Amino acid sequence: MNARTGALDDVVFGVDVQSGDVRGEAPSYALVVFDGDEIERDVVSHRKLRRRIDEERPGLVATDNMYELAEDKDALIHFLGGLPDGTRLVQVTGAERPEPLSRVASRHGVPYGKEPMKEAEASARLAAANVGQVVSAFTDTTTVKVSRGRSTGGGGGWSEDRYTRRIHGAVKRRAREVESELDGAGLEYEKDVTEKYGGFSNAVFAVAARPEDIPVSRGRSGDVRVEIERERRDGIEFRPLAKRRDHVVVGVDPGTTTAVALVGLDGSVLEAFSSRTVDAAGVTEWIVERGRPVVVAADVTPMPETVEKLRRSFDAAGWVPDSDLPVDEKQHRTREEAYDNDHERDAMAAALSAYDDHEDQFDRIAAKVPARIDTGEVTARVVAGEESVEAVLSDLTDDGEDDEDDGGSEHEPRELTDEEKEIKRLRTQVERLQDHVETLEETIEEKDRRIEEQETELARARSDQRREVRKDREVTKLRRKKEELAEKLEAEREAREDLEGKLERLKALWKLDHSNFADVSEKKEGLVPVKVVDQFTTDDLRDADERFGLIEDDIVMFRDASGAGRSTAQRLADVDPRLVLRTGGLSDVADEILFEHEIPVAPADMVTVQEVDELAVAREREVEAAIEDWEERAEERLRERNAEMVDKIISEHRAGERGESD
């Protein structure tokens, strides 16, 4: 097995600086286009390199130093952002601390030479063999934004409303089409839309995929614009071009539940796995994805047949203990490791025990292997293939030297004629002029881009300003409403306090200290209600009747009894109250009507009345005393009236007799 997956099928660009410096004068690059067995070599400017990348869209752009293509981190991010969908930048010499290209090429048997074109070819071949780190400044989340393709501003009126509604409707339709395309591709995404008059002003989809995996095209069509942009990382990230599968020691516990554990050649537990449903093919696939077995071990002896078949499929060495590993020994050996069940523990114990038996051998092999040689490969051939370290090293070293010699041989170029030199000079001049034209065109494009960005920023600023104005208006409106509500609340609080005061006074009224009313405490007499009317007028009587009602046998008290006429007195007489208490004088006509209807009338000071707002009470015994007093005065008044009538009759009789005598 190889340490890496198979070579890429895509075109690979190998790049190295031919002359100049990206930080100073315009550099030229040695470019090697590697497409399987076909190789193209060329010297290009930076702009021509970018143009060829855009036009040919290679799978990989390989270099030994990413900062040969960009002067700093910001420029590198800009370079990465301009790569076509599906094109990746690879630094074949490693990540943050790259190795010399010569060492990497030698380790992987790739021809190498110090000339820029040779280095570019070595980078291309290494990348094609899945060697190197992919340089990335973006995540795998892509933003797809559907927005208005033109401004909605106009002259106003109904035509502008229809124009705005049409644009927003077009954005909404395109957003639904994009959503349908994402659903059809089975992509996960989050959607955020801004609804406006007639539809959407924009719709943003955060898609969990790279741009090349999204079936949506960027661009502007009519009233709608679609923009696709990858989400930026906080910095530059490196990840292996292909996942490396290191050499490992494998422990297996077969049975109803199969468990597998992987231990590195340094003795560290890498991963454990268990399942009741996985078959032998599934176990093999799981191991292949994670490493290359050097030793396959079991925790019992002899080795179970399923484990033996697995060992033979990897052509690895086998290991079993002298006798079945005891449970306490397996627990002790795995005490510092994490596992989900006893099956994973047993597989882990088998792998660790096999490593313990081979640890000294692993150390001796590692001590003899030079830095540029893969120690795992040598260990596998020595342990599983039973070869000597020296034989393996000799074999690997000879292969590398042969490859380097083959790659180092070169053809001696012939001397150019004067005509060929002139042609070459003119071609160089043409290329420089073309580069200058490209520079001017890029400058124009950059200025157009900046103008568009500034226009977008201006539109955004105006929108923000309008939003702030609307917000201020809304805040002012809410503040006024708050003040109004606060005033209403204060009024309600005052009203509540008044009602609470009235309630307290009512309670105090009905809970009078009985020590002041001995007659009440002894339950001989009680309190009776008194209905208080301000003036003895028709309007006040009507108002009192509406507020608390006037009925038969009521006790009515007038604060001012003067001014009552015949109709007013008759209205009160119709109610037929039990007693009328008056303050001030009573008109003769009112007094006569009440007397004729036998309605008792007494001065208000004859009865002690206690008032709470519109309600009042008096002592029953004082009321009865006032009535008795009126009755006595009424009898006297009747006697006087009868005596007057007798005197009148006698006087009239005498007058009649004198007339007859005459």
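Only a predicted model underlies this, so the values are computations on that prediction, with no experimental measurement involved. (Residues numbered from 1 in each chain as written. Predicted model: local features only at pLDDT ≥ 70, side-chain atom pairs only at ≥ 80, totals over all residues. Heavy atoms only, no water.)

## Points about the overall build of the protein
The condition is simple: Secondary structure elements are defined from DSSP: runs of H or I of at least 4 residues count as helices, runs of E of at least 2 residues count as strands, and each element is numbered from the N terminus. Each residue's exposure class comes from its accessible area (1.4 Å probe, protein chains only) as a fraction of the maximum for that residue type: buried when under 20%, exposed when over 50%, partly exposed otherwise. Note on definitions: a residue-residue contact is assigned when non-hydrogen atoms from the two residues lie within 4.5 Å. Here, Shrake-Rupley sampling with a 1.4 Å probe gives the accessible areas, and only protein chains in the shown set may cover a residue.
From N to C terminus, the protein includes 17 helices and 21 strands. Looking at the 662 residues of the protein, the share that counts as buried comes to 35%. A separation of at least 24 residues holds for 62% of the contacts in the protein among residues at least 6 apart in sequence. Counting only carbon and sulfur atoms, one obtains 45% of the accessible surface of the protein, whose full area is about 39400 Å².

## Details of the side chain of T87
Our working definition: A 3.5 Å cut-off defines polar contacts: any pair of N or O atoms within that distance qualifies, except that in protein one atom must be a possible hydrogen donor and the other a possible acceptor, and neighbouring residues in sequence count only when both atoms are side-chain atoms.
Here T87 lies in the loop between α2 (73-81) and β5 (88-91). For T87, a relative accessible area of 8% corresponds to the buried category. There is a polar contact of 2.6 Å between the side chain of T87 and the backbone oxygen of P58. If sequence neighbours within four positions are ignored, T87 has contacts with I53, R57, P58, G59 and V61.

## Details of the pairing of strand β17 (residues 555-560)
As a reminder of what qualifies: Think of it this way: DSSP has to see at least two bridges between two strands before they count as a pair. The path from the first strand over the helix to the second decides the hand: if it runs clockwise while the strands point away from the viewer, the crossover is right-handed.
Sheet topology places strand β16 (residues 527-535) next to β17; 4 bridges connect them, and they run parallel. In the sheet register, K531 faces β17, and the bridge partner there is V556. In this fold, β16 hands off to helix α14 (residues 538-547), which returns the chain to β17; that crossover is right-handed. For β17 and strand β18 (residues 579-582), the ladder comprises 4 bridges, and the chain directions are parallel.

## Side note on a negative patch on the surface
Test applied: Only residues above 30% relative accessible area that lack a salt bridge enter a patch, with like-charged residues linked at up to 9 Å and the nonpolar side chains Val, Leu, Ile, Met, Phe, Trp and Tyr linked at up to 5 Å. Here, a salt bridge means any side-chain nitrogen of Lys or Arg that lies within 4 Å of a carboxyl oxygen of Asp or Glu. Neither His nor the chain termini are counted; the positive set is Lys and Arg, and the negative set is Asp and Glu. One atom stands in for each charge, and that atom is NZ of Lys, CZ of Arg, CG of Asp or CD of Glu.
Residues E624, E628, E631, E632 and E635 make up a contiguous surface patch of negative charge. With respect to the helices, strands and loops of the structure, E635 is situated in helix α17 (residues 620-661). Here E635 falls in the partly exposed class, since its relative accessible area comes to 47%.

## Some remarks on the pattern of salt bridges
Enumeration according to the criterion identifies 39 salt bridges in this entry. When the shortest N-O distance is used, the salt bridge between E636 and R639 registers 2.3 Å. Here E636 pairs with R639, and both are found in helix α17, just 3 residues apart, close to one helical turn. Owing to a relative accessible area of 33%, E636 belongs among the partly exposed residues under this scheme. Since its relative accessible area comes to 48%, R639 is described here as partly exposed.

## So, the sheet that holds strand β14 (residues 292-297)
Spelled out, the test is: Lines fitted to C-alpha atoms define the axes, with helix axes restricted to the stretch in contact, and inter-axis angles between N-to-C directions lie between 0 and 180 degrees.
One open sheet accounts for 5 strands, arranged β13-β12-β11-β14-β15; its pairing is mixed. Each end of this open sheet is capped by a strand with a single partner; those strands are β13 (269-275) and β15 (317-319). The mean angle between the axes of side-by-side strands here comes to 25 degrees, regardless of whether they run parallel or antiparallel. Relative to β15, β14 is paired through 3 bridges, and the arrangement is parallel. Across the sheet, residue A297 finds its bridge partner in β15, namely W319. Against the sheet, helix α6 (residues 280-288) touches β11 (247-253), β12 (258-264), β13 and β14, its axis set at about 20 degrees to β12. On the sheet, helix α9 (residues 342-368) packs against β11, β12, β13, β14 and β15 and is oriented at approximately 140 degrees with respect to β11.

## Some thoughts on the nonpolar core
For clarity, the cut-off: Put simply, buried Ala, Val, Leu, Ile, Met, Phe, Trp, Tyr and Cys residues joined by side-chain atoms within 4.5 Å make one nonpolar core.
Judged by nonpolar contacts, the single largest core of 27 residues is most densely connected at V249, V295, I365, V378 and V383. Sorting the residues of this core by element identifies β12, β14, β15, α9, α10 (375-383) and α11 (389-408) as the ones contributing at least two each. Residue contributions to this core peak at 9 residues, all from α9. With 25 residues, the next largest nonpolar core counts F13, V22, A95 and F238 among its residues.

## Thoughts on the packing of aromatic side chains
Short version of the rule: The rule is short: rings of Phe, Tyr and Trp, with Trp giving its six-membered ring, pair when the centres are within 6.5 Å, and they are stacked under 30 degrees, edge-to-face over 60, tilted in between.
Inspection of the entire model under this criterion finds 5 aromatic pairs. Summarising the aromatic geometry, the rings of Y189 and F205 are spaced 5.8 Å apart at their centres and angled 65 degrees between planes, so their arrangement reads as edge-to-face. Of the two residues, Y189 sits in strand β7 (residues 189-196) while F205 sits in strand β8 (residues 199-207), which places them 16 residues apart along the sequence. Consider the rings of Y355 and F362, whose centres lie 6.0 Å apart with planes at 45 degrees: the pair is tilted.

## Some words on the packing of α14 against helix α15 (residues 566-575)
Stated formally: If an angle is under 35 degrees, it is roughly parallel; if it is over 145, roughly antiparallel; if it lies from 65 to 115, roughly perpendicular; otherwise it is oblique. In this classification, Asp, Glu, Lys and Arg are treated as charged, Ala, Val, Leu, Ile, Met, Phe, Trp, Tyr, Cys and Pro as nonpolar, and every other residue, Gly included, as polar.
Running from N to C, α14 and α15 point in directions that differ by 25 degrees, and their axes come no closer than 9 Å. In terms of their interaxial angle, α14 and α15 are classed as roughly parallel. Only S567, T568, R571 and L572 of α15 make contact with α14, whose side of the interface consists of T538, L541 and R542. By residue class, the composition of the contact of α14 with α15 is 2 nonpolar, 3 polar and 2 charged.

## Concerning a positive patch on the surface
Taken together, the side chains of R148, K196, R462, R466, R470 and R473 make up a positively charged region of the molecular surface. With 4 residues, the top contributor of residues to the positive patch is helix α12 (residues 418-510). The residue K196 is located in strand β7 in this model.

## Topic: the environment of G318
Structurally, G318 can be placed in strand β15. G318 gets classed as partly exposed once you look at its relative accessible area, which sits at 41%. Sequence separation between G318 and A297 is 21 residues, and the spatial gap between their C-alpha atoms is 5.8 Å. When sequence neighbours within four positions are dropped, the list of residues in contact with G318 reads V295, V296, M303 and R311.

## Quick notes on the confidence of the model for the protein
The condition is simple: In predicted models, pLDDT denotes the confidence assigned by the predictor to each residue on a 0 to 100 scale.
Per-chain confidence: the protein averages 83 in pLDDT, with 87% of residues scoring 70 or above. Every residue in residues 399-414 scores below 50 in pLDDT, and together they form 7 contacts with partners more than four places removed in sequence or on other chains. Note on residues 512-524: pLDDT is under 50 here. Beyond four places in sequence and across chains, it has 13 contacts.

## Quick notes on the pairing of strand β10 (residues 224-240)
Sheet analysis places strand β6 (residues 133-148) next to β10, joined by 12 bridges and oriented antiparallel. The residue bridging S147 from the neighbouring strand is R225, located in β10.

## A look at unusual backbone geometry
Cis peptide bonds are those with omega within 30 degrees of zero, and the linkage from T301 to P302 qualifies with -5 degrees. Its place among the elements puts P302 in the loop between β14 and α7 (305-314). Positioned with a positive phi, D315 is a non-glycine residue whose angle comes to about 55 degrees. Tracing the backbone through its elements, the reader meets D315 in the loop between α7 and β15. According to the relative accessible area criterion, D315 is exposed, its value standing at 61%. Even without a glycine there, the phi angle at E598 is positive, about 55 degrees. Topologically, E598 is positioned in the loop between α16 (588-596) and β19 (601-603).

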